[in-house]
Amino acid sequence: MPFWQGRVSLAAEHLLRQCAPLRLPIDLTRLAIKQGIAQIRFRPMPCDGAIEVVADGFVVHMQSTKEQLVPTSAVDSSALSVRQRFTFAHEISHTFFYDAARQPCKPHPTPRLLEGSCNHGAQRLLLPEHLLAREIGTGRRFDSIEMALDIASAARVSAEVVLQRMDELDQFKETDYAILTFRKQDDGGIVTTGVCINGVFDEFPSPTLYAPPAKWVWRIAPGLSTPNGAVHRSAYRDGWELVSRCVANEQSLGQVIAEGRLEMIAARTISTAV
Ligand SMILES: [Zn+2]
């Protein structure tokens with residue numbers, strides 16, 4: 001894991017332990033107060049969020065149509081939108097880059113590394129490993145679109161965040177299984193927004209986030225442009241096929257989720273015969 005992501009991960013684990021016991025959806029208000037975020041200013045602004053150092057702590061600024069300054073304790077984080085929750089968790093991660101006197105830590109990452117690390121921290125704060133283990137269930141693996149959507153709704157996060165987080169947790173990943181999210185752009189194009197891949201799918205070129213789907217994705221999941229849940233099968237190697245399914249997420253406009261798995265052709269024939 002890159003250096004700054006490692007630092008943020010440790011800080012996130014530490015904060016989660018200090019606020020235990022926690023359950024899904026994570027009470028971000030509790031985490032924020034622990035980190036010295038005393039107030040939240042909702043206001044119209046050109047970005048999703050920001051953090052400001054003030055005399056007695058931090059103030060988090062959050063994009064909103066209405067201007068309002070409230071004590072953090074008055075904010076019910078489970079009532080915020082999924083997007084606002086991610087922003088809130090991202091801004092909490094920014095506090096990890098200040099020392100006890102609220103001075104920026106030295107050394108300090110470059111702005112780009114800082115933002116990436118705070119996104120990484122947000123994923124960890126919103127989806128702690130032990131709570132994911134509980135959601136998935138003992139002896140089970142992360143192996144379906146339905147499970148991804150269930151976790152997203154329990155944790156009040158987007159499916160993209162679930163996939164990005166699960167991709168780091170090899171112990172929960174199903175063998176030879178891939179699940180990806182895509183978003184339709186205003187111009188009609190499609191971009192990849194989340195990737196969790198394992199086994200045979202690691203042999204293909206790794207999909208790039210915020211870029212059009214990789215060629216192999218179109219090949220095995222042609223339903224991407226018309227996501228109707230239909231099962232598509234394509235030959236892989238002798239006796240094996242890649243089975244895919246694409247669905248439109250009703251909860252999130254323009255989002256498509258695709259999954260693919262490796263199946264033995266013989267096994268399917270036998271099970272159909274039985
Ligand atoms: Zn940021």
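Residues numbered from 1 in each chain as written. Predicted model: local features only at pLDDT ≥ 70, side-chain atom pairs only at ≥ 80, totals over all residues.

This part is about the pairing of strand 1 (residues 37–43). Bridge count for strand 1 against strand 3 (residues 57–63) is 6 bridges, and the pairing is parallel. Across the sheet, residue Ile 37 finds its bridge partner in strand 3, namely Phe 58. Relative to strand 4 (residues 68–71), strand 1 runs antiparallel, the two being bridged by 4 bridges. Residue pairing in the sheet places Gln 39 in a bridge with Pro 71 of strand 4. (Pairing = 2+ DSSP bridges. Helix = DSSP H or I, 4+ residues; strand = E, 2+ residues; numbered from the N terminus.)

Let us now look at the sheet that holds strand 1. Taken in spatial order, the 4 strands line up as 2-3-1-4 in an open sheet, and their pairing is mixed. Since the sheet does not close on itself, it has two edges, and those belong to strand 2 (49–54) and strand 4, each with one partner. Averaged over all pairs of adjacent strands, the angle between their axes in this sheet comes to 25°, without regard to strand direction. Taken together, the 6 bridges between strand 2 and strand 3 define a ladder with antiparallel strand orientation. Each residue of the ladder has a partner; that of Ile 51, found in strand 3, is Val 60. (Axes fitted to C-alpha atoms, helices over the stretch in contact; angles between N-to-C directions.)

The biggest cluster of nonpolar side chains holds 57 residues, and the ones touching the most others in it are Leu 126, Ala 148, Val 157 and Val 162. In contact with Ala 148, other than residues within four places in its own chain, are Ala 159, Val 162, Leu 163, Ile 179 and Ile 257. (Core = buried A, V, L, I, M, F, W, Y, C linked by C-beta atoms within 7 Å. Buried ≥ 20, exposed ≤ 12 C-beta atoms within 10 Å, placed from the backbone. Contact = placed C-beta atoms within 7 Å.)

Let's shift gears to the sheet that holds strand 6 (residues 190–197). The strand order 6-5-9-8-7 describes an open sheet built from 5 strands, whose pairing is antiparallel. Either end of the sheet is taken by a strand with one partner, and the two such strands are strand 6 and strand 7 (228–235). Adjacent strand axes in the sheet meet at a mean angle of 20°, parallel and antiparallel pairs treated alike. In terms of strand pairing, strand 5 (residues 177–184) meets strand 9 (residues 255–264) through 7 bridges, oriented antiparallel. By the bridge assignment for strand 9, Thr 181 is matched with Ile 257. Running over the sheet, helix 6 (residues 145–155) touches strand 5, strand 8 (240–248) and strand 9 and is turned about 140° from strand 9. Of the strands in this sheet, strand 5, strand 6 and strand 9 are in contact with helix 7 (residues 159–166), which crosses strand 6 at around 40°.

One way to put it is that helix 3 (residues 82–94) packs onto helix 4 (residues 111–126) with a least axis distance of 8 Å and a crossing angle of 115°. Here helix 4 runs roughly perpendicular to helix 3, going by the angle between their axes. Helix 4 is crossed by helix 3, and the crossing has right-handed handedness. Residues Arg 85, Phe 86, Ala 89, His 90, Ile 92, Ser 93 and His 94 of helix 3 form the contact with helix 4, whose own contacting residues are Cys 118, Asn 119, Gly 121, Ala 122, Leu 125 and Leu 126. When grouped by side-chain class, the residues that make up the contact of helix 3 with helix 4 number 7 nonpolar, 5 polar and 1 charged. (Parallel < 35°, antiparallel > 145°, perpendicular 65-115°, else oblique. Left-handed = near helix turned anticlockwise from the far one by under 90°. Nonpolar A, V, L, I, M, F, W, Y, C, P; charged D, E, K, R; others polar.)

Looking along the chain, the bond that leaves Leu 24 and enters Pro 25 is cis, with omega of -10°. Secondary-structure assignment places Pro 25 in the loop between helix 1 (3–18) and helix 2 (28–34). Between Lys 106 and Pro 107 the backbone carries a cis peptide bond, its omega angle lying at -5°. With respect to the helices, strands and loops of the structure, Pro 107 is situated in the loop between helix 3 and helix 4. With a phi angle near 50°, Asp 176 is a residue other than glycine that sits in the positive phi range. Note that Asp 176 resides in the loop between helix 7 and strand 5. If you check the backbone angles, Tyr 210 has positive phi at about 60° while not being a glycine. Along the chain, the position of Tyr 210 falls in the loop between strand 6 and helix 8 (215–220).

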